[in-house]
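# Residue-level structural notes
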Number of protein chains: 4
Amino acid sequence: MDGDNKIILNVGGIRFETYRTTLKKIPATRLSRLTEALVNYDPLLNEYFFDRHPGVFCQILNYYRTGKLHYPTNVCGPLFEEELEFWGLDSNQVEPCCWMTYTIHRDTQNTLAILDKLDIDSEKPTDEEIARKFGYEEEFVAGNLTTWQHIKPRIWSLFDEPGSSAGAKAISTISVFFICVSVLSFCLKTHPSMRVPVLKNITVTRYPNATKSWILDKTRTDAHEAFFYLELVCNAWFCIEILIRFIVSPSRRKFVTSPVNIIDFIATVSFYFDIILQEIAQRMNEAEILEFFSIIRILRLFKLTRHSPGLKILIQTFKASAKELTLLVFFLMLGIVIFASLVYYGERIQPNPKNDFKSIPEGLWWALVTMTTVGYGDMVPKTYVGMFVGALCALAGVLTISLPVPVIVSNFSMFYSHTQARSKLPKKRRRVLPV
Amino acid sequence: MDGDNKIILNVGGIRFETYRTTLKKIPATRLSRLTEALVNYDPLLNEYFFDRHPGVFCQILNYYRTGKLHYPTNVCGPLFEEELEFWGLDSNQVEPCCWMTYTIHRDTQNTLAILDKLDIDSEKPTDEEIARKFGYEEEFVAGNLTTWQHIKPRIWSLFDEPGSSAGAKAISTISVFFICVSVLSFCLKTHPSMRVPVLKNITVTRYPNATKSWILDKTRTDAHEAFFYLELVCNAWFCIEILIRFIVSPSRRKFVTSPVNIIDFIATVSFYFDIILQEIAQRMNEAEILEFFSIIRILRLFKLTRHSPGLKILIQTFKASAKELTLLVFFLMLGIVIFASLVYYGERIQPNPKNDFKSIPEGLWWALVTMTTVGYGDMVPKTYVGMFVGALCALAGVLTISLPVPVIVSNFSMFYSHTQARSKLPKKRRRVLPV
Amino acid sequence: MDGDNKIILNVGGIRFETYRTTLKKIPATRLSRLTEALVNYDPLLNEYFFDRHPGVFCQILNYYRTGKLHYPTNVCGPLFEEELEFWGLDSNQVEPCCWMTYTIHRDTQNTLAILDKLDIDSEKPTDEEIARKFGYEEEFVAGNLTTWQHIKPRIWSLFDEPGSSAGAKAISTISVFFICVSVLSFCLKTHPSMRVPVLKNITVTRYPNATKSWILDKTRTDAHEAFFYLELVCNAWFCIEILIRFIVSPSRRKFVTSPVNIIDFIATVSFYFDIILQEIAQRMNEAEILEFFSIIRILRLFKLTRHSPGLKILIQTFKASAKELTLLVFFLMLGIVIFASLVYYGERIQPNPKNDFKSIPEGLWWALVTMTTVGYGDMVPKTYVGMFVGALCALAGVLTISLPVPVIVSNFSMFYSHTQARSKLPKKRRRVLPV
Amino acid sequence: MDGDNKIILNVGGIRFETYRTTLKKIPATRLSRLTEALVNYDPLLNEYFFDRHPGVFCQILNYYRTGKLHYPTNVCGPLFEEELEFWGLDSNQVEPCCWMTYTIHRDTQNTLAILDKLDIDSEKPTDEEIARKFGYEEEFVAGNLTTWQHIKPRIWSLFDEPGSSAGAKAISTISVFFICVSVLSFCLKTHPSMRVPVLKNITVTRYPNATKSWILDKTRTDAHEAFFYLELVCNAWFCIEILIRFIVSPSRRKFVTSPVNIIDFIATVSFYFDIILQEIAQRMNEAEILEFFSIIRILRLFKLTRHSPGLKILIQTFKASAKELTLLVFFLMLGIVIFASLVYYGERIQPNPKNDFKSIPEGLWWALVTMTTVGYGDMVPKTYVGMFVGALCALAGVLTISLPVPVIVSNFSMFYSHTQARSKLPKKRRRVLPV
Ligand SMILES: [K+]
Ligand SMILES: [K+]
């Protein structure tokens, strides 16, 4: 009889039986150290009582029996890991077949942690939380805040917390409106019908009789004057906004290092810088070069991140998928270099008077356009060998892009679906303190 | 010994044991209020009996133990929530790792609720249900319906319930036929070979001897006369159909506010409006302008929703995905503005005589065509900087579109698969009343 | 005390307790009819014993308790349904939240049934099975098969069962080779460098002096003579093959109605028909018209289904997805009609001298090319309104195609993955007969 | 009473009851052979004790009851199979509905086995492991390694284990740098602005007075001399690297047969071969032909596999998806042959002076470009029949490519996600030996 060797474990009312030797297989754990001196040993029933989840314990006991740690799939990962911790087991010992289960909820936790920081759709903070944020905690508790300490957080929430009040919402809307107007003006002022020719007198000496006359030169055009005033208004607002936000920001160091604020600052400054330079440049006749600086202002669109949760999620997705994006770009670069080389030599095998592929660097453009299946048709292989390379290139492109994109997509949908799930939950959730 | 503190809970025959203190952790719930005075306390066995699901209870008891509410994954969400309700627990307390489980079945219920309203593939209603729909319930029960009250529902089901009878099916087929003919005529009558030149005498004075003559002017063409009669027949049918449907509709207010009916009405009326205006316009020589109004008639295609479950699902998908579609359009707009600006300035860095990008607004079209990977090739970057921007644009397009589309796709497949599942179930399902 | 009302059900050793009234909730089932007179009632323990799955029973008992039938997700569907059947319950009563679970394994069973019929990768049939197939069962058992009855199945498996023997494999390879040669010849003979001009003397009367002379007319070209002999050889093989296969086929009615055989027959006959007609046509000078008939021969590629499991799966996928394909085509047609109309009128609002959209039917082609993101660029909107329509069209195309395609893809991957799974299992599986 | 026939099985403390006859249904298994003489029979309780997983046993006992083996979905596959093995059951008997569960974890194991061999992100091997790898195990244990035996593994890990030390990382970086420079030089030297015309004196005899003069012929261009020196340096490094790696490689046979090393060798040798041939060719005036050989050097990019885990995974994915890739290419080939034929004849039905489809082989290119949705627009159908074929072709392309690609994508994401999961686990995992 092997009765003496047997041990009864009462886990939450369910009685599990096993051999004592089984429990010794994983040393230095709660179960390997069971003695009858323990409080939870019941001499009457000759059993050890544990107030734990019996269903999960079944899986844990099996780890002792087989020496292999598998995750159960009927409870979620964190619950199982909490049990593992209670029983003194190491969740890293998980079998390879359960690695995915092991990592999936870790990824979920990462996602949730990032979402928490993103501050999407969050509830209005209490006065105390705001005071803590501004470092006025002591004064707040003591109740002797100065007037500025009273006003500062209010202005801050007016400009930085769009959901906090009707005024904040109005300011947010104005801000979005000026961003849109500024970008619209930026785009429209390049349109020919919005440009005014700059008339310049050029003295021309005409031969044979060398009479000097002058003509009007209209080669250079300037944007219509209205755009200047439009942008002036926009920039005035941006200027005021960034100044106020800087003054009332809880942490100026954080404010200055935030990428969105840096973009905002550069874009705003560049406008004034432009005006000054243009004055100087007018004499140097090189005003057009200056326009290239204005490209910075398009980055102002990223200020919308402060107002759009969707854009926040997109940027977080790209951050979280940096590895996969690198992989995608790397695969594409490999592909375009190989296919550009192949098509360059391929198109030269057969006589081909209308060859579009004069050099490999030009072929890179074709290969990329083909691999992304854009296919402008400005360069097309004309010989059978080139066409065969083109066929391979199109096929390789479909595969190359299909492979890493789903990983990025799943990152995005993790962020997106959790944001959606979060927004459906009631905001204040009662929390039971673990004992 | 901790025996006194222990409590036995017999849930559906399975005995769970825990400490009394554990049950007190979540106050104001069924388990925290257990007393021996309860009917389901068995003094003999010293246990409380509950006629509930023991497997799910295991998970619920664990909530008391750990203070964390996790959803089990071996039973479906609604079952678990029913148990939670029985035990007096709040399903909103769910841990973040189980949010998805929590929201998924809520989404499923939304989907099912929408599908119920869509009225796809539904069984033939009984006479009583029809009478209730028309508000004749009392008269129906009393048995003294007037002749009109008898006929009205029959005509209604003939026109609005295509599956109700052979006659209804025939009328539905005729209706679809006329929609197709009307749309076909709309398309074909613009074809050059279907158009007849309008001959007009124009008196021309020829110099030098100023003799007056006339020539035939054929610049304006009209659609072949046959199309007019074709459309006349179609519109006659639509006119009759909408009139009858309006007269016999159970609720005229609902009928008038339904978007499909409004489209139908405008499209039908616009035809007659056109004829009248054309008479007047002939004198004003501006008949062509009128043709633009006819674009309304293409909306007649949406009348097909009444006859196609697939189209109903598509429209519901777009309604349910409004948020994601907005996000997609927003991402695309951000992308095209940024890349149009970049390519505009990029193409001007190197000397580029054949530059296609004369302004940013034109570049927007290129950026969109590239980001959607359509790539017409009517505008193509020609310099290396422009090509680099083009490469980024194509890549960004692939990602931008790939990210929100799967969310929309999953909305569609939720609708579609549930419709498929519904159609496979027997129509009349016996229902056990909960006691 | 409610002890009297309680009932103990011992299912596979696990004791479930419930109230007698609970079991009465669903009438006319095994549990609602329990009496102490039953064999499985144990008066000593006062319990009913059932030798069934206790885990599943827990879920079934819950159906009695709550009146709602949910599928458990820890056992697979068919197992649960078998239990439901034992307990006399109706699986159609399933709650809407579990519909998907309910239908998924039904779809799986359909897939498996279709795969069984497809006859992919099947094991060599025994002589008895072959005899049964040919209807010689009685003679086979009696042992008095005629010589023809011996040979016929052997020839049949030589031609129709490529995996049955080395000879069958050789014949299959030859057959595939001839199909490829025939298709290759079909393609290549249209190439200009493979064509020989047909020289014809044409008598020309030259003016003014009306001297008659003749010139060589080379407008018509014929395929090189070699192709005729190549095709003759191919067709000879196809002719022999189809004849033998017809003669030895187990069921001639089935053979004649099989689509692949009909294609094969028409393609083979059309070749001889062509030769005859060409003789006649030469006098009628209309040989080129005849060439159009030869398009039938390209269908010969479908003969490859007999040799490629992948192609079989593809065709089955399209068959099984007929509904979704119709939906896809319907969505696309709606889309192209709407966008063709919009772009046609849109391009005429602004003055547009290079308008590509002369009529709506031409616009249909543009709309389709844009919606499928092919984007040839042969027709491109040139005005801002047209470009806006184009943007909508491209976006609508991406969505329209993305929505139904995943349903078709999942049909394919269901077929494909089950074929893969099947091929990994040992062929002969021992079957335990249910008692 | 059926008590005598009943049997109690105590599995891990949970008591299961069944009929003895049930256990006899599957002969020659552990449960069908139970006798009271067994050690684990407890005469007191009249039960058999097994120290196994009770939850899984429930499913196994059900196999005896129903004769159908279903996989449970609350434990992972390998755990269930280990239990099956203990109970003496055959996992191949699994029901068709659970085939996917059965094969999925087999695929996972294959993936893990391949990943193990790929040697991605692995920990630094111990000296003993290195010694074993080099076959010096005995000498290592004895402690009498020669100096060369000491140095060889160090040099090897310097060149072949980029993660082993800072030096190894530096060498790896240098190697990647030279690959990039070599490929960049390969691409750039074909650019017109990087080429120097080869000047040659050609003596020309001018008529009428037959005076001989000479002109400079610039038709042939050579790459700028700098590229030669650049490539010389690169090749010197590659030469040294491959030599050292060959000398210190643990197994020279393996080294020589590795595809990456073969490519490396050919690419390196081809450079010197080129120089020699060019000397000879200069006299033969056919230097350009030689350049085609240089295409081999682009394969040098595959040397990056040694440095990029992503590329390793990509190549493994294509290896593991060989079947699906073949299917994809086969589907595409079928498609392009059919649509090329249809469009060729389709475009000839209507009069079509600008027909792009002169022959079927040219149509193949169009069909492929359309099916992959690249759509260059160099060939476009011009007639209505051709456009209809084009529409079908685009649609068929979307489907043909959508169907097999997800299978390949899932192969990639299996490799990728397991690599990611692996990298998140602690490297040294304690292993409990099974008893
Ligand atoms: K294109
Ligand atoms: K394209």
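What counts and how
- Residues numbered from 1 in each chain as written.
- Chains lettered and ligands numbered in written order.
- Predicted model: local features only at pLDDT ≥ 70, side-chain atom pairs only at ≥ 80, totals over all residues.
- Heavy atoms only, no water.
- Donors = N, O, S within 2.8 Å, 3.2 Å for Na, K, Ca; no water.
- Buried < 20%, exposed > 50% of the residue type's maximum accessible area, 1.4 Å probe, protein only.
- Contact = heavy atoms within 4.5 Å.
- Buried area = accessible area lost by both parts, 1.4 Å probe.
- Salt bridge = Lys/Arg side-chain N within 4 Å of Asp/Glu carboxyl O.
- Polar contact = N/O pair within 3.5 Å; in protein donor to acceptor, adjacent residues only side chain to side chain.
- Helix = DSSP H or I, 4+ residues; strand = E, 2+ residues; numbered from the N terminus.
- Nonpolar A, V, L, I, M, F, W, Y, C, P; charged D, E, K, R; others polar.
- Patch = residues over 30% accessible without salt bridge, like charges linked within 9 Å, V, L, I, M, F, W, Y side chains within 5 Å.
- Areas by Shrake-Rupley, 256 points an atom, 1.4 Å probe, with all protein chains shown as cover.
- Pairing = 2+ DSSP bridges.
- Axes fitted to C-alpha atoms, helices over the stretch in contact; angles between N-to-C directions.
- Parallel < 35°, antiparallel > 145°, perpendicular 65-115°, else oblique.

Coordination of the potassium ion (ligand 1) by the protein is provided by Val374 of chain A (O), Gly375 of chain A (O), Val374 of chain B (O), Gly375 of chain B (O), Val374 of chain C (O), Gly375 of chain C (O), Val374 of chain D (O) and Gly375 of chain D (O), with metal-donor distances spanning 2.5 to 3.1 Å. Residue classification places Val374 of chain A among the buried residues on the basis of a relative accessible area of 1%.

Time to look at the interface of chain C and chain B. Taken together, the contact pairs 77 residues of chain C with 77 residues of chain B. Buried area between chain C and chain B, both sides added, is near 6,900 Å², and the carbon and sulfur share of it is 68%. Contact with chain B buries area across many residues of chain C, yet Trp99, Tyr345 and Leu403 of chain C alone supply 11% of it, more than any other trio. For Arg65 of chain C, the salt bridge identified is with Asp51 of chain B, shortest N-O distance 2.7 Å. The interface formed by chain C and chain B includes 14 residue pairs in polar contact (both at pLDDT 80 or more). In terms of residue count, the dominant contributor to the side of chain C that touches chain B is helix α14 (residues 322-346) of chain C (12 residues). Here the side of chain C that touches chain B is composed, by residue class, of 43 nonpolar, 20 polar and 14 charged.

So, on to a nonpolar patch on the surface. Residue and element names in this part refer to chain A. On the surface, a cluster of nonpolar side chains totalling about 520 Å² of accessible area is made up of Trp148, Ile151, Leu243, Phe246, Ile247 and Val256. Going through the elements one at a time, α7 (147-160) and α9 (225-248) are the ones with two or more residues in the nonpolar patch. In terms of residue count, the dominant contributor to the nonpolar patch is α9 (three residues). Secondary-structure assignment places Ile247 in helix α9. Judged by its relative accessible area of 36%, Ile247 is partly exposed.

As a further point, take the side chain of Lys303 of chain A. The topology assignment puts Lys303 of chain A in the loop between α12 (287-291) and α13 (309-320). Non-local contacts of Lys303 of chain A, meaning those with residues more than four positions away in its chain, are made with Ile179, Phe238, Glu241, Val260 and Asp264 of chain A.

Tracing the chain through its elements places Gly386 of chain B in helix α16 (residues 384-402). Setting aside residues no more than four positions away along its own chain, Gly386 of chain B makes contact with Val343, Gly346, Glu347 and Pro381 of chain B.

Here the focus is the sheet that holds strand β4 (residues 47-50) of chain C. All names here are of chain C. Ordered in space as β2-β1-β4-β3, the four strands form an open sheet in which the pairing is mixed. Looking at the sheet topology across the chains shown, the edges are occupied by β2 (14-19) and β3 (41-42). Sheet topology places strand β1 (residues 6-11) next to β4; four bridges connect them, and they run parallel. The residue bridging Val11 from the neighbouring strand is Phe50, located in β4.

Residues and elements named next belong to chain B. It is at 11 Å that the axes of helix α5 (residues 127-134) and helix α7 (residues 147-160) come closest, and there the two elements cross at 100 degrees. Classed by the angle they form, the pair α5 and α7 counts as roughly perpendicular. Touching Ile130, Lys133 and Phe134 of α5 are Lys152, Pro153 and Trp156, all from α7. The residue inventory of the contact of α5 with α7, partitioned by class, reads four nonpolar, no polar and two charged.

In short, geometric facts, not functional conclusions.
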